[in-house]
Structures are given as C-alpha cells and as structure tokens.
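Next come the chains, spelled out residue by residue.
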Amino acid sequence: QQQVRQSPQSLTVWEGETAILNCSYENSAFDYFPWYQQFPGEGPALLISILSVSDKKEDGRFTIFFNKREKKLSLHIADSQPGDSATYFCAPHRAGGYKVVFGSGTRLLVSP
Amino acid sequence: GALVYQYPRRTICKSGTSMRMECQAVGFQATSVAWYRQSPQKTFELIALSTVNSAIKYEQNFTQEKFPISHPNLSFSSMTVLNAYLEDRGLYLCGASGGYAEQFFGPGTRLTVL
C-alpha cells in the first residue's frame with residue numbers, strides 16, 4: 001500500500017517559471033507535512049513544512065498549498081533557478097510521531 | 001541549531017562482510033532515531049525506529065538479525081549491516097527527533113557492496 005504519492009515523477013521548467021510539485025496521502029492521522037530537498041550524493045534537507053491546521057505556507061520563493069479535505073498538497077517554486085534542480089520529497093507524518101513516510105519524489109530540472 | 005552527523009559518509013565492503021554506521025545528534029536530545037535506506041532509483045524505506053525506553057521496532061522486510069541497532073543515549077545511535085550483499089547497497093539515512101514535529105536527517109552513509 002502506497003501511502004504517499006507524488007507527481008510528476010520528473011519535471012523540467014525554464015529558469016524563471018513556477019514549478020508545481022504534487023503530493024497526496026491516505027493516512028488521515030498525518031498532520032505535519034514537510035518537503036525535503038535532496039541533491040545528488042547528499043541526504044535530504046528540510047525545505048519547508050506545514051501543519052494541517054493551515055492551508056498555505058510561504059517561505060521566500062517556496063509555497064505549500066494544502067487541502068486537508070482532499071488529502072492533497074502542492075509545493076510551488078516561484079522564479080525557479082538552476083540551483084533548485086534536485087529531487088523533492090513529500091514526507092508527511094504525525095507531529096510528535098516518529099515514523100516519516102516518504103513519497104517517491106519528484107526530480108526537478110530547471111533549465112537556464 | 002539541531003544537527004545530525006553520520007559517519008562514515010561512504011564505505012565499501014566485500015560481499016558477505018559487515019559494516020557499522022553511526023549517527024550523532026547535536027543540539028537536541030534524540031528521543032527517537034529512525035534508520036532509512038534509499039536504494040538506487042528508489043525512495044526512502046524505513047528500516048526501524050528506535051525510541052528511548054521502548055523496544056526497537058523493525059519494519060516488514062527488515063530484521064534485527066540483519067540490521068542490529070544500538071541507541072544507548074539521547075545523542076547517539078548505530079546500525080550494522082550484517083552479511084552485506086549487493087541488494088543492501090544504497091544510502092542509509094539516520095533521522096532523529098526530539099519529540100517535536102520535525103525530524104532532522106543526517107547526510108547519510110553510502111554503502112557500496114563489491
């Protein structure tokens with residue numbers, strides 16, 4: 001059973017465009033939704049996160065839109081830069097719980 | 001700030017041998033430590049979760065006999081890959097949590113099996 005789904009599997013955008021990465025989940029108990037950014041050869045690093053009590057979270061060029069009813073969320077990367085090229089993981093879990101469930105990831109390529 | 005270190009960063013072992021990796025939390029008390037494996041072209045699979053004062057819980061397809069874990073205090077954990085074979089290669093990630101929402105990840109230990 002795949003609890004967390006991400007789409008698309010890979011995405012290519014031009015520099016300056018907005019990249020949209022999608023995530024859906026099945027477990028209603030999840031209430032903390034971090035997005036991790038992973039560069040080749042490195043571990044994932046927390047990029048931005050949202051709690052289920054909110055429907056939007058912004059941090060610079062990165063914005064999470066969250067729809068609790070539909071169990072979906074998306075990460076928008078505005079004004080994409082080549083340095084944003086990485087794999088992005090949606091990894092929801094219960095806040096205060098320890099079992100993180102990673103999605104399959106979206107590989108983003110930003111072309112200059 | 002909260003940091004998680006892992007070492008070694010990269011290691012190579014011969015098929016059938018064992019390899020130990022370590023995880024250290026700095027700046028917070030790691031009340032729980034989770035070990036994950038990212039195989040080539042795959043996402044992160046949870047191997048086991050270790051919580052202070054509780055038994056280590058292994059996920060399906062992973063066993064203590066294959067991946068023994070030690071979590072002796074609130075800043076350190078280690079995991080050994082016993083009798084490693086080709087299918088064990090990948091990036092092994094340690095995620096530590098102090099009981100709040102966020103889990104902090106180390107850079108990983110990349111295991112190559114020859």
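Below is a short write-up of the structure. (Residues numbered from 1 in each chain as written. Chains lettered and ligands numbered in written order. Predicted model: local features only at pLDDT ≥ 70, side-chain atom pairs only at ≥ 80, totals over all residues. Heavy atoms only, no water.)

## Overview of the interface of chain A and chain B
Reports of interface size often rely on the accessible area that becomes lost once the parts have come together. Note the threshold: Pairs of residues are marked as contacts when any of their non-hydrogen atoms sit within 4.5 Å. Here's the idea: put two parts together, see how much 1.4 Å probe accessible area each one loses, and the total over both is what we call buried area. For salt bridges, the criterion is a side-chain nitrogen of Lys or Arg within 4 Å of an Asp or Glu carboxyl oxygen. The helix count covers DSSP runs of H or I at least four residues long, the strand count covers runs of E at least two residues long, and both are numbered beginning at the N terminus. Put simply, Ala, Val, Leu, Ile, Met, Phe, Trp, Tyr, Cys and Pro go in the nonpolar bin, Asp, Glu, Lys and Arg in the charged bin, and everything else, Gly too, in the polar bin.
If you look at the interface, chain A gives 19 residues, while chain B gives 25 residues. Buried area between chain A and chain B, both sides added, is near 1700 Å², and the carbon and sulfur share of it is 57%. Joining chain A to chain B, the criterion identifies 0 salt bridges. In terms of residues, the side of chain A that touches chain B owes the most to one element, strand E4 (residues 32-38) of chain A, which gives 3 residues. Its residues assigned to classes, the side of chain A that touches chain B comprises 9 nonpolar, 7 polar and 3 charged.

## Details of the pairing of strand E5 (residues 44-51) of chain B
Look at any regular strand and the pattern is simple: side chains alternate between the two faces of the sheet. All names here are of chain B. Using the following cut-off: Exposure classes here rest on a 1.4 Å probe applied to the protein chains alone. A residue is buried below 20% of its type maximum, exposed above 50%, and partly exposed in between. We call two strands paired when DSSP finds no fewer than two bridges between them.
Most of E5 is tucked away: 7 of the 8 residues are buried. Here strand E4 (residues 32-38) pairs with E5 via 7 bridges, running antiparallel. Bridging across to E5, Arg-37 finds its partner in Glu-45. Taken together, E4 and the strand that follows it, E5, pair antiparallel across an intervening segment of 5 residues, in which Gln-41 is found at a positive phi of about 65°. Pairing geometry for E5 and strand E6 (residues 57-58), over 2 bridges, is antiparallel. Considered in E6, the bridge of Ala-48 is made with Tyr-58. Following E5, the chain reverses through 5 residues before pairing antiparallel with E6; Asn-53 in that reversal takes a positive phi of roughly 70°.

## Considerations on the packing of aromatic side chains
Just so we agree on the cut-off: What counts as a ring pair is set by centres within 6.5 Å for rings of Phe, Tyr and Trp (its six-membered ring), and what kind of pair is set by the plane angle: stacked under 30 degrees, edge-to-face over 60, tilted for all other angles.
Tallying each qualifying case throughout the model produces 14 aromatic pairs over all chains. Considering the side-chain rings of A:Phe89 and A:Phe102, the 6.0 Å spacing of their centres and the 85° angle between planes classify their relative orientation as edge-to-face. Note that A:Phe89 is positioned in strand E9 (residues 86-90) and A:Phe102 in the loop between E9 and strand E10 (106-111), a separation of 13 residues in sequence. Considered together, A:Phe89 and A:Phe102 belong to a single accessibility category, that of buried residues. One aromatic cluster is present, formed by A:Tyr36, A:Phe89, A:Phe102, B:Tyr36, B:Phe44 and B:Phe105 through successive ring pairs.

## Section: the environment of B:Gln38
So the rule is basically this: Under the rule applied, a polar contact is a pair of N or O atoms within 3.5 Å (in protein, one hydrogen donor and one hydrogen acceptor; residues adjacent in sequence only if both atoms are side-chain atoms).
One can find B:Gln38 in strand E4. In this view, B:Gln38 contacts A:Gln38, A:Phe89, B:Thr43, B:Phe44, B:Gly90 and B:Leu91; residues no more than four positions away in its chain are not counted. A polar atom in the side chain of B:Gln38 sits 3.0 Å from the side chain of A:Gln38.

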